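# Observations on chain architecture
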Amino acid sequence: MSSDVRIRHVSDGDWSDIVALESSAYAAIGLSEERTALESRVRVSPTTCFVLDVEQRLAGYLLALPYPMFEYPDLARTEEIVFRSRNLHLHDLVIAEDLRGRGLAKRLLHHLTATAGSQEYEQISLVAVAGSETFWSANGFTVHHGVVPAGGYGATPVYMSRAVPADRTEKTKPTSGSLRGHSSQDEVG
């Protein structure tokens, strides 16, 4: 696959595509959120939320926001508080179903990690759902067995985290250019 790939911040015109991707990934498993909840997560941390364009099509998105370690957003509520935390919670990463398995989720994750480092976050946390902990483990996240996310995250949610690399000198740049080859790792959502 050779495609024009670009990562950029979420803009107002992206919401119908983001909501459609989110719904296609989560509605069938009962984890879909309202648009207002998704928008609120971007509003509290616009510099850590991104969309991924492939050949001028919105093909994925990533929402991350500062959150205290071992806590996570309530899927049924909007964000009202901006937490001052050195932990960046990766709330959602979705790639269009027809483009999964091509390394795009990993590309978004690398972009987030570089952003987290440049903004001096110390760790990234997430709640793995629907069996996605295999993908996250392969990308350096470890399970916290004592933290069990309460209702709203499905039958077997797994709280995970990883440290942001200590070398925080890398500057965040929008990713663009050609994407070649396929990832051996499954894509998430």
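This is a predicted model, so every value here is computed, not measured. (Residues numbered from 1 in each chain as written. Predicted model: local features only at pLDDT ≥ 70, side-chain atom pairs only at ≥ 80, totals over all residues. Heavy atoms only, no water.)

## A look at the packing of helix α1 (residues 15-26) against helix α2 (residues 35-44)
Basically, it comes down to this: Throughout, an axis means a line fitted to C-alpha atoms (over the contacting stretch in the case of helices), and angles, computed between N-to-C directions, take values from 0 to 180 degrees. Only runs of H or I of at least four residues qualify as helices and only runs of E of at least two qualify as strands under DSSP, and these elements are numbered from the N terminus. An angle below 35 degrees is read as roughly parallel, one above 145 as roughly antiparallel, one from 65 to 115 as roughly perpendicular, and any other as oblique. Each crossing is labelled by how the near helix is turned from the far one, with a counterclockwise turn of less than a right angle marking it left-handed and a clockwise turn marking it right-handed. By definition in these notes, contact holds between two residues if any of their heavy atoms fall within 4.5 Å. For this classification, Asp, Glu, Lys and Arg are treated as charged, while Ala, Val, Leu, Ile, Met, Phe, Trp, Tyr, Cys and Pro are nonpolar and the rest, including Gly, are polar.
Packing of α1 against α2 brings their axes to within 11 Å, and their N-to-C directions diverge by 115°. It follows from the interaxial angle that α1 and α2 lie roughly perpendicular. Note on packing geometry: the crossing formed by α1 with α2 is right-handed. Between α1, through Trp15, Ser16, Val19 and Glu22, and α2, the contact on the second element is made entirely by Arg35, Leu38, Glu39 and Val42. By residue class, the composition of the contact of α1 with α2 is 4 nonpolar, 1 polar and 3 charged.

## Some thoughts on the pattern of salt bridges
Note the threshold: For salt bridges, the criterion is a side-chain nitrogen of Lys or Arg within 4 Å of an Asp or Glu carboxyl oxygen. A simple rule labels every residue: compare its accessible area, found with a 1.4 Å probe on the protein chains alone, to the largest value its type can have, and call it buried under 20%, exposed over 50%, or partly exposed in between.
Throughout the structure, instances matching the rule amount to 7 salt bridges. The residue Glu39 makes a salt bridge to Arg35 at a minimum N-O spacing of 2.7 Å. Here the residue Glu39 and the residue Arg35 both occupy positions in helix α2, the gap between them amounting to 4 residues, near one helical turn. For Glu79, the salt bridge identified is with Arg41, shortest N-O distance 2.5 Å. Taken as a pair, Glu79 in the loop between β3 (57-66) and β4 (87-95) and Arg41 in helix α2 lie far apart in primary sequence, 38 residues in all. Exposure remark for Glu79: the relative accessible area of 9% places this residue in the buried category. Since its relative accessible area comes to 0%, Arg41 is described here as buried.

## As for the side chain of Glu22
Quick reminder of the rule: By the counting rule applied here, Lys and Arg register as positive and Asp and Glu as negative, while His and the ends of each chain are not counted. N or O atoms closer than or at 3.5 Å make up a polar contact, with two conditions inside protein: a donor-capable atom paired with an acceptor-capable one, and, for residues adjacent in sequence, both atoms drawn from side chains.
Position of Glu22 relative to the elements: it lies in helix α1. There is no salt bridge for the buried Glu22, and the closest opposite charge comes from Arg41, which lies 8.2 Å off by N-O distance. Of the polar contacts made by the side chain of Glu22, one reaches the side chain of Ser32; its length is 2.6 Å.

## Description of the packing of aromatic side chains
Threshold: Within 6.5 Å between ring centres, the rings of Phe, Tyr and Trp (the latter by its six-membered ring) count as paired, and their orientation is classed by plane angle as stacked under 30 degrees, edge-to-face over 60, tilted in between. Working rule: Lys NZ or Arg CZ, within 6 Å of ring centre, within 35 degrees of ring normal, means a charge sits over the ring.
Considering all chains together, one arrives at 6 aromatic pairs under this definition. A centroid spacing of 4.8 Å and a plane angle of 80° characterise the contact between Phe135 and Trp136, whose relative ring orientation is edge-to-face. As far as burial versus exposure is concerned, Phe135 and Trp136 are alike and both buried. Aromatic ring contacts, followed pair by pair, group Phe70, Tyr72, Tyr153 and Tyr159 into a single cluster. The ring of Tyr121 carries Arg86 above its face, with NZ or CZ at 5.6 Å from the centroid.

## Comments concerning the pairing of β3
Put simply, the rule reads: Two strands form a pair only when DSSP identifies at least two bridges running between them.
When you tally the buried positions in β3, you get 9 out of 10 residues, the bulk of the element. Note that strand β2 (residues 49-54) and β3 share 6 bridges and pair antiparallel. When the sheet's bridge partners are listed, Leu52 is paired in β3 with Gly60. Taken together, β2 and the strand that follows it, β3, pair antiparallel across an intervening segment of 2 residues, in which Glu55 is found at a positive phi of about 50°.

## Concerning α2
Considered for burial, the residues of α2 that qualify are Ala37, Leu38, Ser40, Arg41, Val42 and Val44. Where α2 is buried, its residues touch α1, β2, β3 and β4.

## Quick look at unusual backbone geometry
Phi at Phe70 is positive, roughly 70°, even though this residue is not glycine. If you trace the backbone, Phe70 turns up in the loop between β3 and β4. Overall, Phe70 belongs to the partly exposed group, its relative accessible area being 41%.

## Re the confidence of the model for the protein chain
Which entries qualify depends on this criterion: Per-residue confidence from the prediction method is given by pLDDT, with values spanning 0 to 100.
A residue-level look at the protein chain finds 86% of positions with pLDDT of 70 or above and a mean pLDDT of 89. In this model residues 168-187 is a low-confidence stretch, pLDDT under 50, and it forms 57 contacts with partners more than four residues away in sequence or in other chains.

## Observations regarding α1
Just so we agree on the cut-off: Take the number of residues in a helix, subtract one, and multiply by 1.5 Å to get its expected span. Note: the arc covers the axis-to-C-beta directions of the helix.
Between its first and last C-alpha, α1 extends 16 Å over 12 residues, near the 16 Å set by a 1.5 Å rise per residue. Listed in full, the buried residues belonging to α1 are Trp15, Ile18, Leu21, Glu22, Ala25 and Tyr26. Along the axis of α1, the buried positions cluster into a sector of 130°, meaning they face one direction only. Exposed side chains of α1 directed beyond 90 degrees from the buried face belong to Ser16 and Ser24. In this fold, the buried residues of α1 make contact with α2, β2, β3 and β4.

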